[in-house]
Every structure is written in structure tokens, then in C-alpha cells.
Number of protein chains: 2
Amino acid sequence: MMIDWTIAPITAIASILVAIYLYFYVNRQSSGTDKMQEIAGAIQEGANAFLKVEFKYLAVFVVVVAAVLAIFLDPIMAVAYVFGSICSAVAGLLGMTVALKANVKSAHAAKQGLNKAFPIAFRGGAVMGLAVVGLALLGISVVYALSDGNAQLILGFSFGASAMALFAKIGGGIYTKTADVAADLVGKVEMDIPEDDPRNPGVIADNVGDNVGDVAGMGADLFDSYVASIVAVMILGVIPGVASFDNIMVNVPLIFAGLGIVASIFGVAIVRVGKKGNPGNALNMGTYLTCIIFGLLTLAATYYMDINFGVWASAVIGLVGGVVIGITTDYFTSIDKAPVIKTAEASQTGAAVNIITGFSYGLVSIFPPLLGIALASFGSYTVAVAYGVSGVYGIGMAAVGMLSIVGMIVAGDAFGPIADNAGGIAEQAGLEEEVLDITAKLDAAGNTSKAITKGFAIGAAGLTVIALLAAFQNIAKQALEEAAAQGITLAVTEEALNFNLMDPLVLTGALIGIAIPAVFSAMVMLSVGKNAFIMIEEIRRQFREIPGLKEGKEGVKADYKSCVDIATKGALKELIPPSVLSIAITLAVGFIGGIQALGGYLAGSIFSGLIFALLMSNAGGLWDNAKKYIEAGAFGGKGSETHKAAVVGDTVGDPFKDTAGPSLNTLITVMSLVASVFAETIVLNALINFV
Amino acid sequence: MMIDWTIAPITAIASILVAIYLYFYVNRQSSGTDKMQEIAGAIQEGANAFLKVEFKYLAVFVVVVAAVLAIFLDPIMAVAYVFGSICSAVAGLLGMTVALKANVKSAHAAKQGLNKAFPIAFRGGAVMGLAVVGLALLGISVVYALSDGNAQLILGFSFGASAMALFAKIGGGIYTKTADVAADLVGKVEMDIPEDDPRNPGVIADNVGDNVGDVAGMGADLFDSYVASIVAVMILGVIPGVASFDNIMVNVPLIFAGLGIVASIFGVAIVRVGKKGNPGNALNMGTYLTCIIFGLLTLAATYYMDINFGVWASAVIGLVGGVVIGITTDYFTSIDKAPVIKTAEASQTGAAVNIITGFSYGLVSIFPPLLGIALASFGSYTVAVAYGVSGVYGIGMAAVGMLSIVGMIVAGDAFGPIADNAGGIAEQAGLEEEVLDITAKLDAAGNTSKAITKGFAIGAAGLTVIALLAAFQNIAKQALEEAAAQGITLAVTEEALNFNLMDPLVLTGALIGIAIPAVFSAMVMLSVGKNAFIMIEEIRRQFREIPGLKEGKEGVKADYKSCVDIATKGALKELIPPSVLSIAITLAVGFIGGIQALGGYLAGSIFSGLIFALLMSNAGGLWDNAKKYIEAGAFGGKGSETHKAAVVGDTVGDPFKDTAGPSLNTLITVMSLVASVFAETIVLNALINFV
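All of these numbers come straight from a predicted model, not from anything done at the bench.

### Observations regarding the overall build of chain A
Part 1: In terms of regular secondary structure, chain A is built from 19 helices and zero strands.
Part 2: For 691 residues, the compact-globule estimate of 2.2 N^0.38 gives 26 Å, and the C-alpha radius of gyration of chain A, at 24 Å, lies within 12% of that figure.
Part 3: Counting only C-alpha atoms, chain A reaches 80 × 55 × 45 Å along its principal axes.
Part 4: A total of 691 residues make up chain A; the buried ones form 69% of that total.
Part 5: For chain A, the proportion of contacts with a sequence separation of at least 24, taken over those separated by at least 6, is 85%.

What follows is the structure, encoded as C-alpha cells:
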């Protein structure tokens, strides 16, 4: 067959074109009344203000890191790095732009029914999904082609994408929760006014937060994992002396990713919902169909292109694992399942028992996905070995398989905040009850798909970082061999690179590594607390000083912009220390303790990163729904003491699930990429060589 | 020199004799007024009720496990197992008995001043400390002597001790927090009556809880770690074909432990405090002096007995590491340091922000002790290797060094609940303000020493389980060699026993292992919630149904016993599932995935066990003190909204710091011991051999 890796750039371009087409589709829908446009305009303005400042910070960060890469490693690597961050930024910008239009248009269309509102919100999300996979795969292809098949150089691209993800995830995560916590605490708790009420000075910042946190953040996160999984497998497929373009093992991840894009485009096209349909089911059905199409397409490709069957099987194991992890995660956060109901029930005894119960179920929820990741990696390893392929390559392909449908996953995920915003705009613009009902339905579907996506993202990140660890090991081994060929003697031996747990360097590294995600989580959560404190003061001040604001007097408007400013500045200032820390400690461990210590450190950070990511995401989602369960009338309903207790849990859960939890995926990916990019230099120059 | 390992049983017997002497010293002090004796009697009665039921459950559990050991492994191992659990139980019983007398006697002596009250409370604690080390070391010596130097058989003894610890820790932990949470929630929050008020039906159960949780629990925990560290090093010292009695490397941990007892006896004798002295400083000074004496004694022994200098250095590194870990832990929970003050400050914004802030500092607090454990293990490994000793042996000696002063550590720790109880009894008996001031001073000193001890216990457990992992590996290797000698072919190779992180079995095991401590913590915390719920109902019922109780009418008494019963039954019923689970999953992983999977699993559980143990212990202590800081007048003081918010954090922290957190040490030790005991059988019979 004549199909080769160039299917990747072709499908990538197709994906971008479809995204652009959908962009114009969304764009030509009506934006409703002046009032609605005004609110949407304020959200847009706030989001743009955030992005502008974020990109400024990002630019400085990228330039500094690029300079370091250029000076200490390789100028071309630095170029790839910059390119990676730009591609991810463009995808995020495109996705955000359309999301900020789709919200109000979807709210307006809700007047005509669910079947009109849903496609606008979903296609708005699909722009993000398809832009992410399209730009990611196109970017990889460009670097691959221009570097004449140098897979290792793509690491630079991946590192750039992960820098963007780190910023988007942490910055967005801090922003969104600063605004949410502050708006809720003063608005709902102190002033007793409903959510999304236009009197609340924090309401626009809160709406902006949904977009910068969930749309841009999740998009950049999955862009990051997607690229990292592909590059990890490419590196594992390299055979020294064989040109990459002729080596099917290097090209397979590109081919499979390309076919994943085809499946995602189909999936996006298929999803629709009737006037009385269930949008949640429609989204899930779309995801399952995308998986099946991907499985069939890759099976055909495997057959016609003579790809090793074990490789295909590994990818399918990964994909199935991802879906299963998503579904089990859903159990722990679903409003109609035992964990949420029992936590709601426990709230009767007060806030403390609500916290203890929800936290405990969050701890239990760690087990199924970890078992899933364990079985997926074991299964893909074993099946790969059975077909004569290296086992870690199989694990990498499982990650690629899991992430192949990212286009569809991100589409469903970005749908969530669009629907949420649509509801917010409808509420603030005072639309009719029936319209609010429809936007509420969309919002509920968005929450379900968001819960599944989060589990999926963590599972995918788990397999990806394991693959990255293997890639890191591979690079180090190669560097060691080259050094040996040149007669350089080093303290580290090839055997030590197996990261033997009883090796004191590996063990020491691991003990330090497991602490990093914890410290990182603490830093970002403390940032939320600090910023929220400032914003709370500002909201209180406005209620105090602006006459008629609390009463909702005609013509009296809150100063939304000052809250947006506080959230923006705070978030971007606070993201620097944890970002720098995560990179600096990784390099310090490597350059002091050498490659073994770094290997142990990465493994440790992966273990603890997965634990905390799962714990925080799930406990947060669970508290949120326990509160909603009570609001729906159980155990005394809204306004009762039980409800107040549940609100405490919900507020604790906010930074858990939307700031710290989801940032951890990105953190461990970034750490792994930093290690891989510097692996060669560390092998040769680590302090441990010289003592 | 003629000194050999028999120094161990000799010092052990001396330790027991001193404990008995101190027991009689405490016993002959006055117990005060009838009222005081009545209260103390009620506490004693409650504690005895708990112990009686606990020992009944324990007996069944021990018999079942012993039967399994006898049938599947070795009847003599089963005997050692039973012996280990009995020795630990006797130490616990003795310690409890004296603690339950020392509390009221110390309260009475407080009438004459601090310098009279302190020695009674401290010597009461010292009985526990010296009984623990005495019985532990004597037990080990007996098994060692009778088995003609079979170090591996001592594993059975250690396993028995850890079974007792598991019961004491989990059962006691659930008990103490059930009572504490329930008594506080109804008493302090709903009824607005002070702590330790005799009107509260839960007050006796609460006082009992301090003893069964902190005295018996912590004693059994450190008994467990102490024995485990010694046996691990003994196994690592074995040279096939060389009689253990002639092998100094097997005997060193016994000798050092014996000298540690001598140092602890000195330390206990030295501690005293003046009329206006600071009991906290006195305790710390005693600990430091014990360390110095130990260092000098072992240095002398090393010189005269021709012990390898690296072995001594390893032990000292461990000891210093333990102290440093204890001190840094103290920073995060001290009432006058930034973490506590900032958390108190954050409580002004409500309960949720208090939780987020305290939790975040808890996350940060993980880092210093992990770094300490990492450096201690790396340092001891390196120094051992430098002197020609195996590195893991060095790590084991670091654990032995850290635990050598356990006699003194437990003395200081058991002092805490005695002082706490003394305060409670003084309060309930209506003693004068000045007396309450003195018991409050003692209580504060107890809290400080408790915080340090907890960090110390976790650090020691960390090094111990690493040493146990090495011992486990050693046993597996030996089994493999024997199998090879007999011509049996197995799936596992000697190289695979290095627990290479990129081995899919090791990785799969690790991913499962990291989930276990989380699930375990959740189970015990949910138990607390469940039981507290039942007890709360009972306390409310009594206030509702007993006329005059709330008003404190003369002659009206609460039914304390029903609360004691609820706590006892609940705790002991709930400890079975997590105990069985932790053993069953460990065996399942081993018998299915083989020795490699089990190695990864143990390492994973160690990593995550340390993380959660540190997080929960420290966050809990921090919340407790943040509340106390506010109660001392800051940010609105007692009764303010800020205080209410801090009470939520304190209540969340209760099961964190006194149930789940400290149980995790024991959990990971038990898991490691189960694995080691069954290692040989698993090597030969794991399913993975036959597929």
C-alpha cells in the first residue's frame, strides 16, 4: 500500500479545515438581544484580557527557556520548542474565540428548543477539539519532515506544548476558582443572591473563569498529552542507523493518530439530539462510535500496511482502558450513585463530616482507575511482547490509542463550559423559564461529559508518562552507549538505567519525587485562597459602596472589570513559582543525582501525581454533586443546615477539582519532558560522575 | 571482648524491671478525692471494657492466622507469631494499666505544684516505654536463642507484633475519634458546654479514647516498628552456612538495641522539671541526652567489639535523621509558626478556606520528612558501602538507630494522654483554677512531644519498611537459589528481583500498591463517621430524655457506659475489613503476579503510605492548633464565626491525625511482613510461574 506517515499531516489539515468550517457555522448564528450581547461581550472582554496577559507572561517564559535550550542543548531544539508552544497557543485561542461566541448563540437558540441550542454548543466545542488535534499533529509532522525524521527533536515541540499547558492549566485553574469561590462566598452565602446574578460584581469573572479554565486549560492539557504520547512512541521505535521515514515503528503513532482524527471528524458529524432527546446520551454515543470507527480504521491499516498486530492490539487496549476509566470515575461523582448520596446524607451531621466522607470516597475512587492503568499497561506490554515488539513500545501505543480520539473528547469537554456560560447568560439576561430549562439540561450533560473526560485525561496522562519514562530511559541508554564508544567513563552503568528500586539513588530520587506533586498542589491551592481573599474584599467593598447594587436598582451596575483584573493578575503572578519549581527541581535532581536518581524521581512523581490527581478531581466532583443532590430537595433541601454543610464541601472541592487536580497531569508530563530533553546532557555531566 | 548479643536479653530484662519499679512508684501515690477516684474509675472501667473485647477479637484473628501459618508454612513460625502478639499485648496492657492510674494521681499531685505532678505523669508514660522495648527485645532474644539463631523465624514474631499493632492502631484510632467527634459535636457545638464537662454523656468514652488510641496504639505501633527494623537487619546480615551466633552482622542490631535501652533508662532517669520549669523542654532535653548517650555507648561498643565503623555511622545517621524529621514536623504543627497562624487567619473567610489552607500546608509538610528519609537512607547506604558493608544493611541500621531510643520516645508520647486525662479529671472533679493551670501546662507539653513523636514514628517506619523490602528481596533471592540448586525452573530470574521499575510486573504491582493506603485510610475514616453518627444520636437522646442533665442538676448523671459500648463495639467491628483486606490483597498480588509484582506493590504502598501518613498527621495537628490559636484570642477568639470555621477544620483533622494517619505506619509494616513471611512460598508457587 502507498499510505505512509503523510496521512498524519493530511488528516491534520482536514481537521483544521473542518474546525474552521464549524467556526463559521457557529459565527453566523444569531447572538440574540442587546442585553445578551452585552453580557457576552463582557465575558469576551474579560477572557481576552486574561489571554493577553497570559500570552505576555508565556512569551517571556518561552523565550527564557528557549534561550537555555539554545545555549546548553541545541538551537534547533529551541526552535521546535517555540513552535510547540505557538501551535498549542493558537489552538487554545481559536477554541476560546469560538466558545465565547457559541455560549450566547446557544442561549439564544435555546428559545427555539433543545435541538437548536445543542448543535451550536457542541460544534463550538468541536472547533476546539479538532483544532487541538489538527494543530498538534500538523506541528509534529512539520518538525518531523523538516528535521529529516529526527524523532528526538519532536521532544522540543512537545516540551513547548507542555509549557503552554502548564500556564493554561495552572493560570486558568487559579483564575477560575478565585472567581468562583469569591463570587459564591459573598454572593450566595453572605448576600443570599442566586448564582449568575448580574448584581454580583464577581459574576463576569466567574463566567470568564469557566472558559479560561475548562476550555483553554483542558484543550492545552490534552494537546500536551497527545503530542507527548506520540513522540514517546516515536522515540521508542527508533532503530539506530535506520532512517525514520522507512521505519514503520516510528511512523505508526503518526498513522494511528491520523486515523484517530478521521474517526473524530466522523464522531463530531454524527452527534445530534432531538427536540426531547438527552444530550448526555448523544455525547456518549458519539464517543463510543468514534472509538469503534477508530478501531476498524486502524485494523484495516494494520492489515494493509503490514503493521505488527500486537501494536494494534496495544492501541485498542489503551482505548478501551481509557473509556473504562472514564466510566468508573463517573460512578464516584454521579449524582445518583452511592458515594454522592452518602456524602449528602453525612452532611446532616455538619460540614466536617461532609468533608471527611467526601474525602474518603475520593480516596477510594483512586483504586479503579489505577487498576485500569495497571491492567492497560500490563496488557499492552504483554500483547506487544507476544507479537515480538518491545513491551514499553506497547505501553506507549496504549497511550496513543487512548489519546487517538482526543478530538472528540475535547469537543465534548469544551461543550461543558459553553453550555454553562449559555445558562449564565440566559439567567443574567432574564430569559424565560423554558429557555433556562433547556440550558440547564445542556449544562447537566456538560457536567457528565466533563467528569468522564477528567478521568480519561488522567488515565491518558498516566500511560503517557510511563511511555515517556521509557523514552527517557532509551535516550539515556543511547547517550551512554555513545559515551562508551568515545571511551568516556561514567559513574552510571547501563544496568543501573533499569531503575532498580533497591538502588539508593533511584530510591532517594523516588522519595523526593513523590513529594513534588503534593507541594505543587499546595502552592496552587494556596494561591487560590490568597487571590480569593483579595477578590472577596473587593466584592464586599462594591456591595458596601455602590448604592442600590444589592437591591438591584435599575441602572446600577457592578464594576465587573475590577474583579476580572484581580483574578487575572493574581493567577498569572501565582503560576510562576510552581512552574519554575517543577522544572528547577527536576533539573537539580538530574544534575546532582544523575540519571538514576532522575528516573526514580520521575517514577515517584508519576505515582504521587496520579494519586493526587484522581483524589482531588473525584472528591471535588463528588462534593459538588452532593450539594446539588441536597439542592434538589433531599435532607432538607436548599437553605437548610445540611445544605450549608454541603456548600462547605463544594467550596473545598472547587480548587481540588478545577485547580490542583487537573494541573497535576500537566505537571508530571512537563517533568518527564524536561528530563527527556536534558537526558543526554545529564548522563554526561551529572555531578555524581565526578565524586 | 566478651560482650555478645546476650546484652540484648540482659538489658531487656533490666528495662522490664525498671518499668515494674516505676509502676509501683506511680501506684503508691495518692489518687485524691472520692470524686476524682470515681471519674478515674469510670475511665478505667471503659478502657478495660474496650481491651477485653479487643483481646477477644485479637485472639480469634491471631488463632486463624497462626493456623494458616502452621498449615501452609511452618508450625514453629506460627508459635513465634503467637508469641509476638502476646508480648506486644502484655506491653500494651501494662502501659495502659499504669496510664489509667497515673492520670488521676498526677491530677491530685498538681495541687502541690508542677514539680510534683510532672514526674508521676512522665514515669507513668515511662512504664509503657520501657515495657515496650523490654518485652520486644526479650521476645526477639528468646526466639533467637530457642531457634538456635534462625533470624528468619523472628519474622514470625514480628508479624505477630504487627497484628497486635494493626488492631491497637485501627481499633484504638476508630474508638478515640468516634468518641471525640461525637462528644465535641453535641457537647461543644450543639449544647455549648465546655470540653470534659461531666454532663456530657460522651465524656468518659472520650477520655478512654485518649488511652486506647494514644497510649496503647502508639505503644503497639512502635513495638512493631522496633521489632521489624531489628529483624530486617538480622536477615540482611545472614551469611549462608555461617552460624548466626558467630556472625556479628546478625548480632549488631541486637547489641545496639540493647545499648539503646541503657540510654533510654538513663534518659528516663534524667528528666525532671522544677516548680516553674517548662515540662516540654524537659522532655526534649531528655530525648537529646538519650541520643547522645546512645551514640557514645555504641561508639564504644563498635570500638571494643570490632564492629565495622560504617555500621555505627549508619545507625547514627538514622538517629539524627529521626530527630530532624521530628523537629521539622513540629514546625508545621506548632501554634506559634506560620502554617498554623496562616490557617487560623484563613478561617476568617469561613470553614472551606480553613480546610483548603490547612490541607495545603499539610501537603507541603510532606516534603521535609521525605527529604529526611531520602537523605538518611542515601547517607546510611553510602557510608555502609564505603566501609565495605552492603548498602541496604546500612539503611536497616539507620532504622535500628532511629528506633533505638524508642523507650524514651514512647515514654514522652504516653505522657501526653496521661496529662490530657489528668486535665480532664481535674476539670470534671471541679478542682481549683491553679490546678487546672498546671494540668494545662502538662497537656501542652504532651501535645508538643506527641507531634514530634508522630513525625519520628513515620520516619522510623519509612526506613524500617525500606529495610524490610530489602529483607524480602533477600529471602526471595535465597529461595530462588535453592530452587535452582534443586533443578526447579521458575519464571522469575534473579535479575528480576532487583525490582526494575520498567518491568511491567513491578510497575503493575506499584500502581496497585499506591492505591492501598488510600483505600485503607478511607475505610477507617468512614468507620469513624459511621460510629460517630450512632454515638451522636445516643448523646442527643440522653440530653433529651434525662431530665436535668443539661442543666447540671445535682445527682443527675449521664449514662456514660452506653457511649463506651457504642464506641467499643463499633471500633472493633470496623477494624476487621481493613485488616483482612490489607493482608488478603498483599497475598493475592504475590500469588498471582509473583515476587516481582509483590516487590513493586510493596514499594508503591510504602510511597503512598508515607505520603498519606505525613499529610494526615500533620494537617490534623495543624488544624487542631489553629483552633487553639483562635481560642487564645486571635481573630475574634472563642465563639466567633472564625472560631466556628476553625472547629470544622479541627473536626476534620481528628480522624486524619488520630485514626487514618498513624494507622498507615502499621499498615505498610504489616504488608511488608506478610510479604516477607510468605516470600519463599510465593517464589515457588506464584501463578505467574505456570502461565
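### Some remarks on the packing of helix α2 (residues 34-72) of chain B against helix α3 (residues 75-109) of chain B
All names here are of chain B.
Part 1: At a closest axis distance of 10 Å, the pairing of α2 and α3 adopts a crossing angle of 175°. Classified by the angle between their axes, α2 and α3 sit roughly antiparallel to one another.
Part 2: Here the contact of α2 with α3 is composed, by residue class, of 23 nonpolar, five polar and no charged.

### Describing the environment of Ser562(B)
Part 1: Its place among the elements puts Ser562(B) in helix α18 (residues 560-574).
Part 2: Spatially, the C-alpha atom of Ser562(B) lies 41 Å from that of Ile71(B), the residues being 491 residues apart in sequence.

### Describing the relation of the copies chain A and chain B
Part 1: Placing chain A over chain B gives an RMSD of 0.0 Å and needs a rotation angle of 180°, together with 0.0 Å of translation along the axis. A rotation of that kind, with that shift, is consistent with a two-fold axis. No C-alpha of chain A lies nearer the rotation axis than that of Asn500(A), which sits 2.1 Å from it.
Part 2: The share of interface residues of chain A whose copies in chain B are also at the interface is 100%, consistent with both copies meeting through the same surface.

### Details of helix α14 (residues 406-428) of chain B
Residues and elements named next belong to chain B.
Part 1: Spanning 23 residues, α14 covers 33 Å between terminal C-alpha atoms, matching the ideal 33 Å at 1.5 Å per step.
Part 2: Counted residue by residue, α14 has 23 buried out of 23 residues, so it is predominantly covered.
Part 3: Looking one or two residues past α14, Gly430 carries a phi angle of roughly 70°, positive in sign.

### A word on the interface of chain A and chain B
Part 1: On the side of chain B, 60 residues touch chain A, which itself brings 59 residues to the contact.
Part 2: Sorting the residues of the side of chain A that touches chain B by element identifies α11 (351-364), α12 (367-386), α13 (391-403), α15 (433-485), α16 (504-513), α17 (515-545), α18 (560-631) and α19 (641-685) of chain A as the ones contributing at least two each.
Part 3: When its residues are assigned to classes, the side of chain A that touches chain B shows 43 nonpolar, 16 polar and no charged.

### Topic: unusual backbone geometry
With the exception of glycine, most residues fall at negative phi, and the peptide bonds are largely trans.
Part 1: The phi angle at Asp148(A) is positive, at roughly 60°, despite the residue not being glycine.
Part 2: Exposure remark for Asp148(A): the 10 C-beta atoms within 10 Å place this residue in the exposed category.

### A few points about the packing of helix α6 (residues 203-237) of chain B against helix α7 (residues 248-270) of chain B
Residues and elements named next belong to chain B.
Part 1: Their axes nearest at 6 Å, the elements α6 and α7 cross at an angle of 155°. In terms of orientation, α6 lies roughly antiparallel with respect to α7. Along its contact with α6, which presents Ile230, Val233, Met234 and Gly237, the element α7 presents Met249, Val250, Pro253, Leu254 and Ala257.

### What to know about the environment of Ala151(B)
Residues and elements named next belong to chain B.
Part 1: Examined against the element boundaries, Ala151 turns out to sit in helix α5 (residues 151-191).
Part 2: For Ala151, a count of 25 C-beta atoms within 10 Å puts it in the buried group.
Part 3: Between the C-alpha atoms of Ala151 and Ile140, which are eleven residues apart in sequence, the distance is 9.3 Å.
Part 4: The contact partners of Ala151, leaving out residues within four places of it in the chain, are Val231, Met234, Ile235, Val238, Ser244 and Val250.

### So, the environment of Gly124(B)
Residues and elements named next belong to chain B.
Part 1: Position of Gly124 relative to the elements: it lies in helix α4 (residues 114-146).
Part 2: On the neighbour-count criterion, Gly124 (34 C-beta atoms within 10 Å) is buried.
Part 3: In contact with Gly124, other than residues within four places in its own chain, are Val26, Val98, Ala99, Ala102 and Ile418.

### Thoughts on the confidence of the model for chain A
Keep in mind that low pLDDT regions are not for reading the predicted coordinates in detail.
All names here are of chain A.
Part 1: Averaged over chain A, the pLDDT score is 89; the fraction of residues at 70 or greater is 99%.
Part 2: Confidence scores differ between elements of chain A, with α15 showing the lowest mean pLDDT of 85 and helix α1 (residues 7-27) the highest of 95.
Part 3: Among the scores for the predicted complex, ipTM is 0.91 and pTM is 0.92.

### Some remarks on helix α5 (residues 151-191) of chain A
All names here are of chain A.
Part 1: Given a rise of 1.5 Å per residue, 41 residues ought to cover 60 Å, and the 57 Å separating the end C-alpha atoms of α5 matches this to within 8%.
Part 2: Asp184 marks the point of greatest bend in α5, at about 30°.
Part 3: α5 sits mainly inside the fold: 37 of its 41 residues count as buried.
Part 4: Asp192, located one to two residues past α5, shows a positive phi value of around 60°.

The rules we used
Residues numbered from 1 in each chain as written. Chains lettered and ligands numbered in written order. Predicted model: local features only at pLDDT ≥ 70, side-chain atom pairs only at ≥ 80, totals over all residues. Helix = DSSP H or I, 4+ residues; strand = E, 2+ residues; numbered from the N terminus. Rg over C-alpha atoms; globule rule 2.2 N^0.38 Å. Buried ≥ 20, exposed ≤ 12 C-beta atoms within 10 Å, placed from the backbone. Contact = placed C-beta atoms within 7 Å. Axes fitted to C-alpha atoms, helices over the stretch in contact; angles between N-to-C directions. Parallel < 35°, antiparallel > 145°, perpendicular 65-115°, else oblique. Nonpolar A, V, L, I, M, F, W, Y, C, P; charged D, E, K, R; others polar. Least-squares fit on C-alpha atoms with pLDDT ≥ 70 in both. Expected span 1.5 Å × (residues − 1). pLDDT = per-residue confidence, 0-100. Bend = angle between axes of the 7 residues up to and from the residue.

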